[in-house]
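Read off the chains here:
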Amino acid sequence: VMSEGKKPQSKSTMAILCFLLGGLGIHRFMMGYTGIGVLMLLTGGVCGILTLVDFIRILTGGLKMADGQDLV
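S.K.: Would you mind going over the state of the cysteines with me for this structure?
M.R.: Joining two cysteines, a disulfide is a covalent bond between their sulfur atoms. Under the counting rule described, the total for this entry stands at 0 disulfides. C47 supplies the cysteine sulfur nearest to C18, a cysteine that is in no disulfide, at a spacing of 15 Å.

In structure tokens:
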């Protein structure tokens, strides 16, 4: 389910959340990716691997909001 018109999140906020609480998937919920957020919550960020990948993608600008907007 796409979140239409959701305000883009801050890149720095998402990077900090991913680094500190990445295993809980909170950054994914805030970006509109509910399904992946639940998966990360249940698997501890798929044992930390997906958390690390997300952290790098946030820093490089490769991870966007669920509706396609860039992080601000």
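There's plenty left to go through after this.
S.K.: For this particular structure, what's the right way to read the nonpolar core?
M.R.: Where a protein is soluble and globular, its nonpolar side chains tend to be buried together. Core analysis: the biggest nonpolar cluster contains 9 residues, these being M14, A15, L17, C18, M31, I58, L63, M65 and L71. Discounting chain neighbours no more than four positions away, the residues touching L71 are Q9, K11, M14, M31, I58, L63 and M65.

S.K.: What is the right way to read unusual backbone geometry from this model?
M.R.: Backbone geometry follows two general trends: most residues other than glycine have a negative phi, and most peptide bonds adopt the trans configuration. Unusually for a residue other than glycine, V46 sits at a positive phi of about 45°. Locating V46 in the fold gives a position in helix α3 (residues 34-47). The backbone phi angle of C47 is positive, close to 60°, even though this residue is not glycine. Relative to the helices and strands, C47 resides in helix α3.

S.K.: Looking at this structure, how should I read the environment of G23?
M.R.: The topology assignment puts G23 in the loop between α1 (11-21) and α2 (26-30). Residues G23 and V46, 23 residues apart in the sequence, show an inter-C-alpha distance of 7.6 Å. Residue contacts for G23: discarding those within four places in its chain leaves M40, L41, G44, G45 and T51.

S.K.: Help me understand the packing of aromatic side chains in this model?
M.R.: Aromatic ring pairs are described here by two measures, namely the spacing of the ring centres and the angle between the planes. For the structure shown, the criterion picks out 1 aromatic pair. Seen from their ring centres, F19 and F55 are 5.5 Å apart, and the 45° between their planes marks the pair as tilted. Placement of the pair is F19 in helix α1 and F55 in helix α4 (residues 49-60), with a sequence separation of 36 residues. Overall, F19 belongs to the exposed group, its relative accessible area being 61%.

Calculation criteria
- Residues numbered from 1 in each chain as written.
- Predicted model: local features only at pLDDT ≥ 70, side-chain atom pairs only at ≥ 80, totals over all residues.
- Heavy atoms only, no water.
- Disulfide = S-S within 2.5 Å.
- Core = buried A, V, L, I, M, F, W, Y, C linked by side-chain atoms within 4.5 Å.
- Buried < 20%, exposed > 50% of the residue type's maximum accessible area, 1.4 Å probe, protein only.
- Contact = heavy atoms within 4.5 Å.
- Helix = DSSP H or I, 4+ residues; strand = E, 2+ residues; numbered from the N terminus.
- Phe/Tyr/Trp six-rings, centres within 6.5 Å; stacked < 30°, edge-to-face > 60°.

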